[in-house]
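# Structure assessment
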Amino acid sequence: MPEVTANETISALAGEHRGVSIELDAVTKTYPGQPQSAVADFSMRIEPGQLVMFVGPSGCGKTTTMKMVNRIIEPSSGSIRIDEKDVLSINPHELRRHIGYVIQQIGLFPHMTIAENVGAVPRLLGWDKARTAARVEELLTTVQLDPRTFAHRFPRQLSGGQQQRVGVARALAADPPVMLMDEPFGATDPITREKLQAEFLRLQATIGKTIIFVTHDFDEAIRLGDRIAVLSERSQIEQFDTPAKILANPANDYVRSFIGSGSALKRLTLIPVTSAELGPKAEGAPCVDEGATLRDALDLLVLNGGDRVNVSTADGRVTGSLTHAAISASLDTVAAEHRPVV
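Analysis parameters
- Residues numbered from 1 in each chain as written.
- Predicted model: local features only at pLDDT ≥ 70, side-chain atom pairs only at ≥ 80, totals over all residues.
- Heavy atoms only, no water.
- 1 Å grid on protein atoms, 1.4 Å probe; cavity = no way out; pocket = protein on both sides within 12 Å on 5 of 7 lines; lining within 4 Å.
- Points joined across faces, edges and corners; volume = space filled by probe spheres on them.
- Helix = DSSP H or I, 4+ residues; strand = E, 2+ residues; numbered from the N terminus.
- Pairing = 2+ DSSP bridges.
- Contact = heavy atoms within 4.5 Å.
- Axes fitted to C-alpha atoms, helices over the stretch in contact; angles between N-to-C directions.
- Salt bridge = Lys/Arg side-chain N within 4 Å of Asp/Glu carboxyl O.
- Buried < 20%, exposed > 50% of the residue type's maximum accessible area, 1.4 Å probe, protein only.
- Lys, Arg positive; Asp, Glu negative; His and termini not counted.

So, about empty space enclosed by the protein. For the structure shown, the criterion picks out one cavity of 30 Å³ or more. Size it by volume and the largest cavity reaches roughly 110 Å³. Those elements that provide at least two residues to the lining of the largest cavity are helix H8 (160-171) and helix H9 (190-207). Ranked by the residues each element gives to the lining of the largest cavity, the list is headed by H9, at five residues.

Another point: the sheet that holds strand E1 (residues 22-29). The sheet built from four strands is open, its strands ordered E2-E1-E4-E5 with antiparallel pairing. With one partner strand each, in any of the chains shown, strand E2 (39-46) and strand E5 (85-86) form the two edges of the open sheet. Each of E1, E2 and strand E4 (77-82) touches helix H2 (residues 62-69); the most contacted strand, E1, lies at about 120 degrees to it.

For the structure shown, the criterion picks out 14 salt bridges. With a closest N to O distance of 3.2 Å, Glu 84 and Arg 45 form a salt bridge. Highlighted residues: Glu 84 in the loop between E4 and E5 and Arg 45 in strand E2, separated in sequence by 39 residues. Classification of Arg 45 as partly exposed rests on a relative accessible area of 33%. We note a salt bridge from Glu 138 to Arg 135, for which the minimum N-O separation is 3.1 Å. Pair noted here: Glu 138 and Arg 135 are both in helix H6 (residues 129-142), with a separation of three residues, about one helical turn. Residue classification places Arg 135 among the buried positions, given a relative accessible area of 12%. Because the salt bridges share partners, they merge into one network encompassing Glu 23, Arg 45, Glu 47 and Glu 84.

Before going further, it helps to examine the side chain of Asp 182. Topologically, Asp 182 is positioned in strand E7 (residues 178-182). Within the buried core, Asp 182 has no salt-bridge partner, and the shortest N-O distance to an opposite charge, that of Lys 67, equals 4.8 Å.

A few words on the sheet that holds strand E6 (residues 99-103). Overall, mixed pairing links the six strands, which are arranged E6-E7-E8-E3-E9-E10 in an open sheet. Two strands in the sheet have a free side with no partner beyond their single neighbour: E6 and strand E10 (236-241). Ignoring which end each strand starts from, the neighbouring axes of this sheet average 15 degrees apart. In this fold H9 packs onto strand E3 (51-55), E7 and strand E8 (210-215), with an angle of close to 160 degrees to the strand it touches most, E8.

Bear in mind that shape data such as this cannot, by itself, settle questions of function.
Set out below in structure tokens:
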């Protein structure tokens, strides 16, 4: 088999726009003079298009692990492959131009306009002005910032939430197959954070990137992740599974401590109302959209103090109703589906 050069690897990554696989095999990071490694023997495969959440306490190594993927931090040993290609053989600066990166501090260049910030990586890659300008306009529209209003403003003229949207747009500018996100919404207020999370889910459903997302917020991990890696000291994987399976069957007490109280309510946020057995339409009852979750339906039941909530389609047609008992039964059914076979 002919040897693949570093330039060919970069060209292959640059040609990918949908998500690709990421594989870390026995990756370790040891800093000089330290008695033990910061990350020890970390192995994981992330499938194309998956959004994987790294959740764990401060200092457990989750950000260090993520930063080794784009080689902001160099691993001491082990291998890292993106789309089956060895990234340790690539010039790290070239590698980082083809991996999106979003951080909590956002890191916008204060002396550049929003358009110039978003277009920074395409310019480094040698895109012409017309192509760069078209991409900037497309991305600002995608993250719901009107280019006519925001393109020529400076970062200081934007709110924190708007700056974070620009950070996401900049990470997507070269249409990379992989994105790394380090607590990107952590510095925003709860209302802005929830809105950004909803927008990000909508965006990911469209772009289908492979994403590693670092957070210390387990509720955020449940809401956003296809899979969650619960990490302990030195980035040891305590459990790596879907949110539903982790909530239904935590692997140990450490994982339970992250879930905290109210695990049943957290599980309701993962179950669509359409999965429940609907009863007859209830006259005068409030309505919840069929795209909502059972948690939304329960909240509406509690808020209104009624016995039922109706479920309606986007055009307002009522398809049935839900009761407390139906919601509870659905929760039991889902728990049984995720219970391990002994």
